[in-house]
2 protein chains.
Amino acid sequence: MARLSDIIENFIKDMIEETDGEVEIQRNELASYFNCVPSQINYVIATRFNSERGYFVESKRGGGGHITISRMSTDKPYDYFMHIILSMGDEISQHSADIYIENFIDLNIISESDKKLLKAAVNDNSLKSIPVFLRDRVRADILKNMLMKIII
Amino acid sequence: MARLSDIIENFIKDMIEETDGEVEIQRNELASYFNCVPSQINYVIATRFNSERGYFVESKRGGGGHITISRMSTDKPYDYFMHIILSMGDEISQHSADIYIENFIDLNIISESDKKLLKAAVNDNSLKSIPVFLRDRVRADILKNMLMKIII
DNA sequence: TATAATAAAGTCAGAGAAAGTCAAAGGTGA
DNA sequence: TCACCTTTGACTTTCTCTGACTTTATTATA
């Protein structure tokens, strides 16, 4: 029994397919097309088009507002990256972040310029305001988030 | 879905482009060209051409009045970056960070790949483990740290 | 030379448009 | 039955557009 959310999910996926990876929708328009409340569109997006599933979403409110959903590319580097990212664990020290980053350079997966920014983002200077007990967790979040964006 | 404000924004940006960084407009004339009230021009200027976005604006009222919009010079990227970084303050919202980053793209001083990484590093998803009251401070630290690395 | 008329631009609050949030209620499958 | 999805809708936030009113500068006139 396909639920409405599944139907909307597939509808959006078809649109993304047709438009080559990125689609712009109007929340209210889509909701009225499916005869549901607008917030159901948010539910579908939150549960089906989040970054764990390889999508990212931007939106704008007000007149002319819209929601843009993009799919990350699904070629091999993507799978490889995802594997590494998923294996990373929830906390990473500055030292081991540096090792990961150097490794990516060795493997030719990221550019020197990416490396500079990755290191700048996750070094202790950037994170100096965060209580120490939280720092390695935030570092892991940032590093993973950035790596995910590299493969988009 | 481009709103009138977006259209006016692009119109002004094209003019700035053609005139190499500075343009002088008549508010009423522009408003009647676009069939809108004059104060909409103020709205566009306030939201699209503020200093956060790398512009500054001067004007004069009365007969022969006008509005002059200038884009900050990017001849010396180092100076420009330093200026922006120094003007940033100790706390930055995600929205405001995005505006800074988009502006760097508009002015061609960072690459698309830099943009992706900057945005990924400072979005709320990366910083979700940080208590909200600290988040904007950490975001500012990370953004500044990364920008500094770009100019080195 | 004062003063009045005119010609700009500035301000601000309100209406309207669109998306976001969140908790409560309703289903469903193991 | 019970935990976990889905669905709903009231309320919130953000962005855009408008118009009445204000301020400032220039020009014409007494």
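Residues numbered from 1 in each chain as written. Chains lettered and ligands numbered in written order. Predicted model: local features only at pLDDT ≥ 70, side-chain atom pairs only at ≥ 80, totals over all residues. Heavy atoms only, no water.

### Thoughts on the domain arrangement of chain A
Turning to step 1, where the next piece is worked out: Segmenting chain A into domains produces domain 1 (4-71) and domain 2 (76-150).
Turning to step 2, where the next piece is worked out: Each of domain 1 of chain A and domain 2 of chain A has a C-alpha centre, and these two points are 29 Å apart. (Domains from an automatic or database assignment.)

### A look at the packing of helix α6 (residues 112-122) of chain A against helix α7 (residues 132-151) of chain B
Turning to step 1, where the next piece is worked out: One way to put it is that α6 of chain A packs onto α7 of chain B with a least axis distance of 8 Å and a crossing angle of 150 degrees. In terms of axis orientation, α6 of chain A runs roughly antiparallel to α7 of chain B. Handedness of the α6 of chain A/α7 of chain B crossing: right-handed. On α7 of chain B, the residues that touch Lys116, Leu117, Ala120 and Ala121 of chain A of α6 of chain A are Ile142, Asn145, Met146, Lys149 and Ile150 of chain B.
Turning to step 2, where the next piece is worked out: Tallied by class, residues from the contact of α6 of chain A with α7 of chain B come to six nonpolar, one polar and two charged. (Axes fitted to C-alpha atoms, helices over the stretch in contact; angles between N-to-C directions. Helix = DSSP H or I, 4+ residues; strand = E, 2+ residues; numbered from the N terminus. Parallel < 35°, antiparallel > 145°, perpendicular 65-115°, else oblique. Left-handed = near helix turned anticlockwise from the far one by under 90°. Contact = heavy atoms within 4.5 Å. Nonpolar A, V, L, I, M, F, W, Y, C, P; charged D, E, K, R; others polar.)

### Section: the protein's contact with DNA strand C
Turning to step 1, where the next piece is worked out: In the vicinity of DNA strand C there are 29 residues, among which Arg27 and Asn42 of chain A together with Arg27, Asn42 and Ser59 of chain B approach most closely.
Turning to step 2, where the next piece is worked out: In this structure, Arg27 of chain B approaches DNA strand C through a main-chain N or O atom, which is 2.7 Å from a phosphate oxygen.
Turning to step 3, where the next piece is worked out: Listed by contribution, the elements that provide at least two residues to the surface near DNA strand C are α2 (27-33), α3 (38-48), β2 (55-60) and β3 (66-71) of chain A together with α2 (27-33), α3 (38-48), β2 (55-60) and β3 (66-71) of chain B.
Turning to step 4, where the next piece is worked out: Here the residues of the surface near DNA strand C are counted per class, giving two nonpolar, 19 polar and eight charged. (Near = heavy atom within 4 Å. Polar contact = N/O pair within 3.5 Å; in protein donor to acceptor, adjacent residues only side chain to side chain.)

### With respect to unusual backbone geometry
With glycine set apart, most residues show a phi of negative sign, and most peptide bonds adopt trans.
Turning to step 1, where the next piece is worked out: One non-glycine residue with positive phi stands out, namely Asn35 of chain A, at about 55 degrees.
Turning to step 2, where the next piece is worked out: Relative to the elements of secondary structure, Asn35 of chain A occurs in the loop between α2 and α3.

### What to know about the sheet that holds β2 of chain A
By way of backbone hydrogen bonds, the strands of a sheet pair with one another, either parallel or antiparallel.
Residues and elements named next belong to chain A.
Turning to step 1, where the next piece is worked out: Spatially, the three strands line up as an open sheet ordered β1-β3-β2, and their pairing is antiparallel. For this open sheet the edge positions go to β1 (22-25) and β2, each flanked by a neighbour on one side alone. Strand-to-strand twist in this sheet, taken as the mean axis angle between neighbours without regard to direction, amounts to 15 degrees. (Pairing = 2+ DSSP bridges.)

### Regarding the packing of aromatic side chains
Turning to step 1, where the next piece is worked out: All told, the structure shown has eight aromatic pairs over all chains when counted by the stated rule.
Turning to step 2, where the next piece is worked out: Look at Phe11 of chain B and Tyr33 of chain B: their rings are 5.4 Å apart centre to centre, the planes differ by 35 degrees, and that puts the pair in the tilted class. Of this pair, Phe11 of chain B sits in helix α1 (residues 4-18) while Tyr33 of chain B sits in helix α2, placing them 22 residues apart in sequence.
Turning to step 3, where the next piece is worked out: Exposure remark for Phe11 of chain B: the relative accessible area of 28% places this residue in the partly exposed category.
Turning to step 4, where the next piece is worked out: We classify Tyr33 of chain B as exposed; its relative accessible area is 56%.
Turning to step 5, where the next piece is worked out: Cation over ring: Lys149 of chain A sits above Phe56 of chain A, and NZ or CZ is 5.6 Å from the ring centre. (Phe/Tyr/Trp six-rings, centres within 6.5 Å; stacked < 30°, edge-to-face > 60°. Buried < 20%, exposed > 50% of the residue type's maximum accessible area, 1.4 Å probe, protein only. Lys NZ or Arg CZ within 6 Å of the ring centre and 35° of its normal.)

### Quick notes on the protein's contact with DNA strand D
Turning to step 1, where the next piece is worked out: Lining the immediate surroundings of DNA strand D are 27 residues, of which Ser5, Gln40 and Tyr43 of chain A together with Ser5 and Gln40 of chain B lie closest.
Turning to step 2, where the next piece is worked out: Taking all atoms of DNA strand D within 4 Å of the protein, the share assigned to sugar and phosphate is 67%.
Turning to step 3, where the next piece is worked out: Between DNA strand D and Arg48 of chain A there is a distance of 3.1 Å, counted from a phosphate oxygen to a side-chain nitrogen or oxygen.
Turning to step 4, where the next piece is worked out: Within the residue set of the surface near DNA strand D, elements represented by two or more residues are α1 (4-18) and α3 of chain A together with α1 and α3 of chain B.
Turning to step 5, where the next piece is worked out: Of the residues contributing to the surface near DNA strand D, the split by class is eight nonpolar, eleven polar and eight charged.

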